[in-house]
Amino acid sequence: MSQFLSDKFNELCAYVPGEQPQDKSYIKLNTNESPFAPSSKALAQINNNTMESLRLYNDPTSKVLTNAIADYYNVSPRNVVTTNGSDEILAFSFLAYGTGKKTAFADITYGFYSVFSKLYSLETRVVPLTDEFEIDINDYMNLNENVVIANPNAPTGKTISLDEIEKLCIFHKNDIVLIDEAYVDFGGESAVPLIKKHKNLIVVQTFSKSRNLAGARIGFAVADEQIIEDLQRIRNSFNPYNVNKLSQVLGAYSIKDKEYFLQCTNQIIKTRNEFSQNLKNLNFDVLPSKANFVFAKHQKLSGEQIYLKLKENGILVRHFNKPRINDFVRITMGTSDEMDVVINKLQKILE
Ligand SMILES: *Cc1c(COP(=O)(O)O)cnc(C)c1O
């Protein structure tokens, strides 16, 4: 840290992404990426003309991508804003709505919520999950605070229902309810249709997990037009060219390729269900997951031991050195062959 950094950032603990080691090739199951290639129809759209046009700025309104997302969800393009990964739309939302009002989120959830709150010096309320690692919406009622919920939650993989989300919206008429649906395509139900009824609801999604485009950095929010105007105001005050030209094209054509999307997500769901059962057969406790990962623990080994042993065996998973979830590891779904390797190695490690 230099002597020049503003004092208020002395205590800022940055988000720590899952490791991306280059020392050898791992079966990489630690950052919830997809094991599958991006849509070939989307990749085919990137040609020499696209490359040469990089000389010019990209469309600051991301029209092609925005329209494709609006079509997919049957909403108006005025209900959609696109960003550089969904982390960026989360940042814009915290910035836009978090000043002068507390923001409530779970103790065990996506790490960026607390990082953004610190970055922007926002007040927060941390609401513990239940003993079963569930969100009890009664804990959020009558708070008069903004609410941010990942649904499915990470790293637990557990969901709340659309009924519960509606209740949250109704009880927080004067607050923002933000639902982060990074994993919704793996068996959850999207709250997007509710934005027509609830003017305070923001639904956030990403192309990083279910659309196989983590490295293209594409995220978006769907909400009432006035909310989108707010978020556009923030976006245009920060970086109007936030979604680069290649990603606009890749995103638009990959969301149009519904067939491939369903093929990939259905495969992940199938692999997850089989893998969960195989873990249970090895006496793991496995939380029921609606995401592209499972969260599991074993009586005989600590979370850290499982993480280290798997790493020795060329498999990377995520361990969070945090209270309540110390015993667990989060394992992203790879191909079913990769998950068979994981089961074999775990079997040997347990012997
Ligand atoms: C992965 C993830 C994101 C962010 O994804 P981007 O790559 O920035 O789009 C947001 N929320 C949750 C809960 C995530 O797990």
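Model, not experiment: these values are computed from the prediction. (Residues numbered from 1 in each chain as written. Predicted model: local features only at pLDDT ≥ 70, side-chain atom pairs only at ≥ 80, totals over all residues. Heavy atoms only, no water.)

1. Let's talk about the sheet that holds strand β9 (residues 284-286)
Across the sheet, 3 strands lie side by side as β9-β10-β12; this open sheet has antiparallel pairing. Looking at which strands have only one partner, the edges of the open sheet turn out to be β9 and β12 (329-332). Across the sheet, the mean angle separating the axes of adjacent strands is 35° when strand polarity is ignored. Alignment of β9 against strand β10 (residues 293-298), held across 3 bridges, turns out to be antiparallel. Bridge pairing in β10 places V286 opposite A296. Sheet strands touched by helix α9 (residues 258-281): β9, β10 and β12. Its angle to β10, the strand with the most contacts, is close to 0°. (Pairing = 2+ DSSP bridges. Helix = DSSP H or I, 4+ residues; strand = E, 2+ residues; numbered from the N terminus. Axes fitted to C-alpha atoms, helices over the stretch in contact; angles between N-to-C directions. Contact = heavy atoms within 4.5 Å.)

2. Comments concerning the site of the ligand
Near the ligand the following residues occur: G85, S86, D87, Y110, D180, A182, Y183, T206, S208, K209 and R217. A distance of 2.7 Å separates a nitrogen atom of the ligand from a polar atom in the side chain of D180. Contacts to the ligand include T206, whose side-chain N or O atom sits 2.5 Å from an oxygen atom. Taking 390 Å² as the accessible area of the ligand by itself, protein coverage stands at 93%. Counting residues per element, the shell around the ligand draws most heavily on helix α4 (residues 85-97), at 3 residues. Looking at the shell around the ligand, its residues break down into 3 nonpolar, 4 polar and 4 charged. (Near = heavy atom within 4 Å. Polar contact = N/O pair within 3.5 Å; in protein donor to acceptor, adjacent residues only side chain to side chain. Areas by Shrake-Rupley, 256 points an atom, 1.4 Å probe, with all protein chains shown as cover. Nonpolar A, V, L, I, M, F, W, Y, C, P; charged D, E, K, R; others polar.)

3. Looking at unusual backbone geometry
Backbone phi values are negative for most residues with the exception of glycine, while trans is the configuration of most peptide bonds. Residue P152 follows N151 across a cis peptide bond; omega there is -5°. Residue position: P152 is located in the loop between β5 (146-150) and α6 (162-171). Following A154, the chain continues into P155 via a peptide bond in cis, with omega recorded as 5°. Following the sequence through the fold, P155 ends up in the loop between β5 and α6. Despite not being glycine, N212 has its phi angle at roughly 60°, a positive value.

4. Observations regarding the sheet that holds strand β7 (residues 201-206)
In space, the 7 strands of this open sheet follow the order β2-β8-β7-β6-β5-β3-β4, with mixed pairing throughout. Of all strands in the sheet, those bounded by a partner on one side alone are β2 (80-83) and β4 (124-127). Put simply, the sheet's adjacent strands are angled 20° from each other on average, direction ignored. As judged from the 5 bridges shared by β7 and strand β8 (residues 219-223), these two strands associate in the antiparallel manner. Considered in β8, the bridge of Q205 is made with F220. Packed onto the sheet, α6 meets β5, β6 (177-180) and β7 and runs at close to 155° relative to β6. Taken strand by strand, helix α7 (residues 225-238) contacts β2, β7 and β8, and its axis lies near 30° from that of β2.

5. Side note on helix α3 (residues 63-73)
Among all positions in α3, only L65, T66, A68, I69, A70 and Y73 are buried. Buried residues belonging to α3 abut β2, β7, β8 and α8 (245-256). (Buried < 20%, exposed > 50% of the residue type's maximum accessible area, 1.4 Å probe, protein only.)

6. Details of the pattern of salt bridges
It is possible for side chains of opposite charge to pair when their charged atoms get near one another. The final tally for this structure, using the stated rule, is 10 salt bridges. The residue R217 makes a salt bridge to D87 at a minimum N-O spacing of 3.8 Å. One end of the pair, R217, is in the loop between β7 and β8; the other, D87, is in helix α4, and 130 residues separate them in sequence. A relative accessible area of 19% places D87 in the buried class. The partner of D107 in a salt bridge is R324, with the nearest N and O atoms 2.8 Å apart. One end of the pair, D107, is in the loop between β3 (103-106) and α5 (112-119); the other, R324, is in the loop between β11 (315-316) and β12, with 217 residues separating them in the sequence. Take D107: its relative accessible area is 22%, and that puts it in the partly exposed class. According to the relative accessible area criterion, R324 is partly exposed, its value standing at 36%. (Salt bridge = Lys/Arg side-chain N within 4 Å of Asp/Glu carboxyl O.)

7. Comments concerning the nonpolar core
Within the largest apolar cluster, 49 residues are counted, with the highest numbers of intra-cluster contacts made by V75, Y140, I165, L168, L201 and F207. Put simply, the parts of the chain that give this core at least two residues each are α3, β3, β5, α6, β6, β7, β8 and α8. With 5 residues, the top contributor of residues to this core is α3. Ranked by size, the runner-up nonpolar core spans 30 residues in total, among them A291, V294, I331 and M339. (Core = buried A, V, L, I, M, F, W, Y, C linked by side-chain atoms within 4.5 Å.)

8. Section: the packing of aromatic side chains
Per the counting criterion, the structure on display carries 17 aromatic pairs. Ring centres 4.5 Å apart and planes at 10° place the aromatic pair F295 and F328 in the stacked group. In this pair, F295 is assigned in strand β10 and F328 in the loop between β11 and β12, connecting sequence segments 33 residues apart. In this structure F295 comes out as buried when scored by relative accessible area, which is 0%. The ring of Y72 has R211 sitting right over it, with the charged end atom 4.7 Å from the ring centre. Taking the ring centre of F261 as reference, the NZ or CZ of R211 above it sits at 4.0 Å. (Phe/Tyr/Trp six-rings, centres within 6.5 Å; stacked < 30°, edge-to-face > 60°. Lys NZ or Arg CZ within 6 Å of the ring centre and 35° of its normal.)

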